[in-house]
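Letter by letter, the chains look like this.
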Amino acid sequence: MAESTIPHSISSAPQNAPPAQKQERATVPRFYILDLVRLVAMLFMMQGHTLDALADPAILNIENFPWNIWHFIRGLTAPIFLMISGAVAVFANKRDERGMVSADTLMKRIRWGLWLVVIGYFLVFPANRIFDLPFVSPQGWAKFFQVNILQLSGTTLIFLMLVLGNTRSNLRFAVASGITGVVIMLATPYLHSAQWIKFLPLYIRNYVVPSGGSLFPMFPFSAYMFFGVVVGYALSQMPHNERPKLFARFTLMYGAMFLAFGIISYIWTMYSPYRLLPKHNFFASSPGFILLRVGCALLVMHLLTHLYALTQTIGNHFGKNFVQWYAILGGKSLHIYVGHLVILFGTPWFSGIATLPALGWGASLDIGASVALALGVIIVCLIGVVITERITDERVLRYARYGAVAWAVYVLLV
């Protein structure tokens, strides 16, 4: 969900720069496979939200096959997004001859992280106007303070930029990020079972543990973005001409390894009388389950490298260039994410198709109708991005941004 995608090139290093820094700033053409991964994850995320919101839960029962498999795969979309965001951070933030990232770049990324948090809270604003906030019920505040993917992404991006700004090479950035990810992963079961957590204010506690209803607390989900930095660094060290082949090999090898670790951890947790960690929910806070998801995410990336090669072959045969569309659509993940949520659930000021009483579609449709509406939501969101990309007049885009801000201020005050 991060704002930045891999640039078409990274400026060359000065001739007197150390070899490692020269390599980091050497020209790096865009690696479109990452855009494709983000695009596919985004498509699956949209259909997942739509089916979950519209389909009758008696039919779409995640306890039964095949919906339990669908639910597990759906749970991979957030880790994949976060890992890709971490990987992109290696490429998108240039270092100078001293190995430093400019303060302007860091502040731009930090401001973007803050905007993600603001948008996340705006979508679930608990009152019609700011002046009505004193009358919000405790239940309304509890729902407002739940941490979703936008708040998680923005907050984790800010911490990631702090790590980036305090390292002097991408190697150190990757090592520091990997260590941070491991610390988050190992700390998760201890924090989820800690009694003192409940004494934290709700708006802080929800960033740490899911007990307040948060779907994406930082422990464990922030770990995926930090692990993504390691993937991005490994990718940056691969020669460009051999990158698709080497990336496919890398994701297959390490994906299988982490998947095996996760499965072994699950077997140990379920059947061994010995406990290395405090009592916890394996599927919510276990380091083994985090590794399992990392492994699955890498294997998804492996499969999509082959899909990328196939679409490239088809495109070459018909004289079409698909890779630019991967960059356009994958790079607009925030717009599509917010757009499909507004279509489905509306905002605090108007209803969406899943919440509009007159339609009565929420959690009541059969699978066929839900799938058809999911395709409709996906098509509308993608067409919206294409139309936006066709607008080349910067004044129109600027007026659209000002208009959105003006509307937000209006509904909050009037």
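These numbers come from a predicted model, not from an experiment. In every chain, residue numbers begin from 1 and rise along the written sequence. Local features in a predicted model are, by the rule used here, given only for residues with pLDDT of at least 70; side-chain atom pairs are given and counted only at 80 or more, and totals for whole chains, interfaces and linings are based on all residues. Side-chain metrics rest on all non-hydrogen atoms present in the structure, leaving aside hydrogens and water.

For the rest of this paragraph, the subject is the packing of helix H7 (residues 149-165) against helix H10 (residues 218-236). Two measures define how a pair of helices packs: the angle their axes make with one another and the distance between the axes. Simply put, an axis is a line fit to the C-alpha atoms, just over the touching stretch for a helix, and the angle between two N-to-C directions goes from 0 to 180 degrees. In DSSP terms, a helix is any run of H or I states spanning at least four residues, a strand is any run of E spanning at least two, and both are numbered starting from the N terminus. Across the interface, H7 lies against H10 with an axial gap of 10 Å and an inter-helix angle of 50 degrees. Looking at the two axes, H7 sits oblique to H10. You can see that H7 and H10 cross each other, and the crossing is right-handed. Of H10, the residues touching H7 (which contributes Leu152, Ser153, Thr155, Thr156, Leu157, Phe159, Leu160 and Val163) are Met218, Phe221, Ser222, Met225, Phe226 and Val229. Each residue belonging to the contact of H7 with H10 can be placed in one class, and the counts come to ten nonpolar, four polar and no charged. Note on angle classes: values under 35 degrees are labelled roughly parallel, values over 145 roughly antiparallel, values of 65 to 115 roughly perpendicular, and the remainder oblique. A clockwise turn of the near helix away from the far one marks a right-handed crossing, whereas an anticlockwise turn of less than a right angle marks a left-handed crossing. Contact criterion: two residues are considered in contact whenever any of their non-hydrogen atoms come within 4.5 Å of each other. Put simply, Ala, Val, Leu, Ile, Met, Phe, Trp, Tyr, Cys and Pro go in the nonpolar bin, Asp, Glu, Lys and Arg in the charged bin, and everything else, Gly too, in the polar bin.

Attention now goes to the packing of aromatic side chains. Here a ring pair, both rings aromatic, is described through the centre-centre distance and the interplanar angle of the planes. We call Phe, Tyr and Trp rings a pair once their centres come within 6.5 Å, taking the six-membered ring for Trp, and we label the pair stacked below 30 degrees between planes, edge-to-face above 60, and tilted otherwise. In total, this model carries 23 aromatic pairs according to the counting rule given. On the numbers, 5.4 Å between centres and 85 degrees between planes, the contact of Phe31 with Phe247 is edge-to-face. Of this pair, Phe31 sits in the loop between helix H1 (19-25) and helix H2 (32-54) while Phe247 sits in helix H11 (residues 243-271), placing them 216 residues apart in sequence. Each member of the pair, Phe31 as well as Phe247, carries the same accessibility label: buried. Centroid distance Phe258 to Phe261: 6.4 Å. Interplanar angle 65 degrees. Geometry classified as edge-to-face. Taken together, the positions of Phe258 and Phe261, both in helix H11 and three residues apart, correspond to about one turn of that helix. Under the scheme applied here, a residue whose accessible area is under 20% of the maximum for its type counts as buried, over 50% as exposed, and between as partly exposed, the area being computed with a 1.4 Å probe on protein chains only. Given the relative accessible area of 40%, Phe261 is considered partly exposed. Above the ring of Phe31, the side-chain terminus of Arg243 is found at 5.8 Å from the ring centroid. The ring of Tyr399 has Arg398 lying over it, and the distance from NZ or CZ to the ring centre is 6.0 Å. The rule is short: NZ of Lys or CZ of Arg within 6 Å of the ring centre and within 35 degrees of the ring normal puts a charge over the ring.

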